[in-house]
Amino acid sequence: MTRAVRALLAGALTAAALTAAPAPARAGTEPVTWGDCPTGTAPGERCGSIGAPLDHARPDGARIRVGVSRVPATGSRAEYQGVLVVNFGGPGASSVGSMAALAGGLPERLRRAYDLIGFDLRGRGTSTRVVCTDPVTFSRGPRPDPAVPAGRAAHLAATRAFADGCRAFAPDLLPHLTTRDIARDLDLVRAAFGAERLSILGYSYGTYLGAVYGQLFPRRVHRMVLDSVVDPTEVWYGTGFLQARAFSARQRDWAAWAADRDDRYHLGTSAARVLATWDVLRARLVARPADGVFGGVELDQFTIGSLYTDRDWPRLAGALADYASGDGAALVASRRAATTEEVNFESVFQTVSCADAPFPADERVFDADMVRLRARDGALGAAIASPGACLYLQTNTAPPTRIDGAGLPGVLLIQSVGDPATPYEGALRMHDALPSSRLLTVRGNGNHGHYLVDGPCVDDRATGYLVDGTLPANDIECDAAAPEGPVTRRPGVPRLPR
């Protein structure tokens, strides 16, 4: 259920960018080793890496590389606010090679104020990598359904093979892929760029990374905007239960939307009938996968991926309408072969999740949860509860970082009420955990990711806080209802990973 982060258009940088260069790295801090950027990086971004301890508890031990990049601020020294690190989520979204493209979509006063810093998590992208399988194996379909007896053994075998591949590729790295380790890497990045403090723009998983960094280094935080907020009290197994309920509710929203357009899609004239049609089509795909590769699990994944933003709803409804009339091409086309970078993303997604906090080590726990969530939330609930690599890849049994926000400056949280990937109650818990935070609630959609997408009500508040330090006096709301159709997105602003 992943998508590669997409960089769109890039803007050329002016020579004035050089006036806002940060101070050199301090003595004793490893400087950036500059090198080549990933293929396709837009002009104006400089890429490199720094060294970091494999184990931060043993700083003189084995070393890894952590990829970084920089696009300089364009304003004067008087306008300069420092470095802004951007994380697009995951865990596993890469940002090195995306900062110049992102720069083209940012408000000009933000560009004038900040150096944009790309940062690849350990394990990912231009950092020391972990890759648990190959694209052919990862893309093979149809995938077995663990919620039915016929598919359970095959699913567990594939899951174990993936976990074994992680261990074979990076046995020493796996126990040190916690968000705590990643936050400590981020502090080395801050020091390497000569910054006393850093600012963070984090989406999705990036909100949890920002919170953990702020917990470990509160006095090194300048400003922080956290968009589509992770529940810091449910890392990570419990998050699935919240997501199952939220995705089921979001599927009902989609079904009501499709029912209002029955003259176009012919899936049903009520939400209940659309959902019944979805169930029938899923059963048909289980019995005979489209083109031999797109089965019931693939429909679960395609549906979940399409519920992140209502702008993907027409694609889901259209593909199902075509399939219902005998044409499965759109469904099959949605399941293209994975790239090496997407496999790397999934590898980091799984291994960071497994390292961050304990998961059940008994497959019977997953079996019971799949039964319970299928009864409560349908097939999507069972899909979210199905066992992943962490069943076989427990690398850290320490509890996750407890977040209390002590010593943090103001934090702006942005969250929509109906977001299925990071449900609203999780944002409320983060808000409670961070006494200095303000919550901007987005009404009018249930999408995942809002800053630079949902218009001036959200954008002006977030930009104003990052540039001027102006935090709303109280929690506020924005109405960001979006018209149907293709997403209107500022140039360079990526889609978040699925």
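Refer to the structure presented above.
Here goes a summary of the coordinates provided. (Residues numbered from 1 in each chain as written. Predicted model: local features only at pLDDT ≥ 70, side-chain atom pairs only at ≥ 80, totals over all residues. Heavy atoms only, no water.)

Comments concerning the packing of helix H10 (residues 296–306) against helix H14 (residues 363–385)
In the contact formed by H10 and H14, the axes pass within 10 Å of each other and the chain directions differ by 95°. Here H10 is positioned roughly perpendicular relative to H14, judged by the angle of their axes. In this structure, H10 contributes Asp300, Thr303 and Ile304 to the contact, and H14 contributes Ala379, Leu380, Ala383 and Ile384. Looking at the contact of H10 with H14 residue by residue, the class counts come to five nonpolar, one polar and one charged. (Axes fitted to C-alpha atoms, helices over the stretch in contact; angles between N-to-C directions. Helix = DSSP H or I, 4+ residues; strand = E, 2+ residues; numbered from the N terminus. Parallel < 35°, antiparallel > 145°, perpendicular 65-115°, else oblique. Contact = heavy atoms within 4.5 Å. Nonpolar A, V, L, I, M, F, W, Y, C, P; charged D, E, K, R; others polar.)

What about the side chain of Asp369?
Along the chain, Asp369 turns up in helix H14. In this structure Asp369 touches Tyr237, Phe241 and Ala385, once residues within four positions along its chain are discounted.

Describing the packing of helix H7 (residues 237–259) against helix H11 (residues 313–324)
Where H7 contacts H11, the two axes come as close as 11 Å, and the packing angle between them is 70°. Considering their axes alone, H7 and H11 lie roughly perpendicular with respect to each other. Once H7 is placed against H11, the crossing between them reads as right-handed. Contact with H7, carried on its side by Arg250, Asp253, Trp254 and Trp257, involves Trp313, Pro314, Leu316, Ala317 and Leu320 of H11 and no other residues of that element. (Left-handed = near helix turned anticlockwise from the far one by under 90°.)

Comments concerning the nonpolar core
By size, the foremost hydrophobic cluster in this structure holds 67 residues, and its most contacted members are Phe119, Leu186, Val189, Tyr205, Tyr213, Leu413 and Leu434. With six residues, the top contributor of residues to this core is helix H6 (residues 205–216). With near-sequence residues (within four places) excluded, Phe119 lies in contact with Val66, Gly67, Val85, Ser95, Val96, Ile182, Asp185, Leu186, Val189 and Leu209. Core analysis: the second largest hydrophobic core is formed by 35 residues, Ala244, Ala259, Leu281 and Phe294 among them. (Core = buried A, V, L, I, M, F, W, Y, C linked by side-chain atoms within 4.5 Å. Buried < 20%, exposed > 50% of the residue type's maximum accessible area, 1.4 Å probe, protein only.)

Looking at the state of the cysteines
Throughout the structure, instances matching the rule amount to four disulfides. Paired through a disulfide, Cys37 and Cys47 show a sulfur-sulfur distance of 2.0 Å. For the disulfide bridge between Cys37 and Cys47, the dihedral angle about the S-S bond is near 100°, and by the sign convention the bridge is right-handed. Taken as a pair, Cys37 in the loop between strand S1 (33–35) and strand S2 (46–53) and Cys47 in strand S2 lie far apart in primary sequence, 10 residues in all. Between the sulfur atoms of Cys457 and its disulfide partner Cys478 the distance amounts to 2.0 Å. Torsion about the S-S bond of the Cys457 and Cys478 cystine: about -80°, corresponding to left-handed handedness. Here Cys457 is found in helix H16 (residues 456–468), whereas its partner Cys478 is found in strand S10 (residues 476–479), with 21 residues between them in sequence. Take Cys478: its relative accessible area is 3%, and that puts it in the buried class. Numbered by order of appearance in the sequence, the disulfide-linked cysteines of the protein chain pair as 1-2, 3-4, 5-6, 7-8. (Disulfide = S-S within 2.5 Å.)

Quick word on the pairing of strand S3 (residues 63–71)
Counting buried residues along S3, seven of its nine residues qualify, which places the element largely inside the surrounding structure. As paired strands, S2 and S3 are joined by eight bridges and run antiparallel to one another. Note that in S3 the partner of Pro53 across the bridge is Arg63. Where S3 meets strand S5 (residues 114–119), four bridges bridge the pair, whose relative direction is antiparallel. When the bridges of S5 are listed, Ser69 appears paired with Gly118. (Pairing = 2+ DSSP bridges.)

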